[in-house]
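One-letter residues, chain by chain:
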Amino acid sequence: MENREPLKPFLLAFPGPLRDRLVAAVLSGEKVSASGLLVEYEVEREELPPVGERSAVIDSDGQEVAVVEVTEVRVLPLGSVGLQHALDEGEGYATVAEWRAGHEEFWHSEEMREALGDPRFTVDDDTMIVAERFRVVERLA
């Protein structure tokens, strides 16, 4: 870890129990994909991660716990998310409907709406999401 260039943070959810579960799933190898809203990138004026980019997975305490490498990035409508992506999120979803319900609950949360600056934000089949696949290349903790 010494002499390593600083890495962009790979943040899953907000600090707390959900982030803790997601980070544990990454570290165990169960979670190899993630979903975000394209509008999040736009609000934060952030570019989509390129394939090959390495980032530091950050836990709820703000500590770097692993390095992941992006292996695929797709932008697609929410209504087009398939079962393999839902399964690869490593959160225990057995169907796309379960995956979507869990993600809608998060995306419609007060915390997310505040982060987006839109207290009435909602998603529908046409909402564009960023589906990332990644692999752990180094465990730091």
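Residues numbered from 1 in each chain as written. Predicted model: local features only at pLDDT ≥ 70, side-chain atom pairs only at ≥ 80, totals over all residues. Heavy atoms only, no water.

Within the largest apolar cluster, 14 residues are counted, with the highest numbers of intra-cluster contacts made by L37, L78, V81, W99, W107, V123 and I129. Among the elements of the structure, α4 (96-107), α5 (110-116) and β5 (128-139) are those that each provide at least two residues to this core. Not counting residues up to four positions away in its chain, the partners in contact with L78 are W99, R100, E104, W107, V123, D124, D125, T127 and I129. Core analysis: the next-biggest nonpolar cluster, separate from the first, contains 11 residues, F10, V23, V26 and A66 among them. (Core = buried A, V, L, I, M, F, W, Y, C linked by side-chain atoms within 4.5 Å. Buried < 20%, exposed > 50% of the residue type's maximum accessible area, 1.4 Å probe, protein only. Helix = DSSP H or I, 4+ residues; strand = E, 2+ residues; numbered from the N terminus. Contact = heavy atoms within 4.5 Å.)

Following the criterion strictly, the structure yields 3 aromatic pairs and no others. Taking 5.1 Å as the distance between ring centres and 65° as the angle between the ring planes, the aromatic pair formed by F10 and F134 counts as edge-to-face. Highlighted residues: F10 in strand β1 (residues 8-10) and F134 in strand β5, separated in sequence by 124 residues. Each ring, one from W99 and one from W107, has its centre 6.3 Å from the other, and the planes form 85°; the classification is edge-to-face. The two residues W99 and W107 agree in class, both being buried. (Phe/Tyr/Trp six-rings, centres within 6.5 Å; stacked < 30°, edge-to-face > 60°.)

Attention now goes to the environment of V136. Within the secondary structure, V136 sits in strand β5. In this structure the C-alpha to C-alpha distance between V136 and G92, which are 44 residues apart in sequence, comes to 19 Å.

Attention now goes to the pairing of strand β4 (residues 64-77). The sheet contact formed by strand β3 (residues 54-58) and β4 spans 5 bridges and is antiparallel. Residue A56 lies in a different strand from β4, and its bridge partner there is V67. What sits between β3 and β4 in their antiparallel hairpin is a turn of 5 residues, with G62 showing a positive phi close to 80°. Bridge count between β4 and β5: 11 bridges; the pairing is antiparallel. Residue pairing across strands places E69 opposite R135, the latter belonging to β5. (Pairing = 2+ DSSP bridges.)

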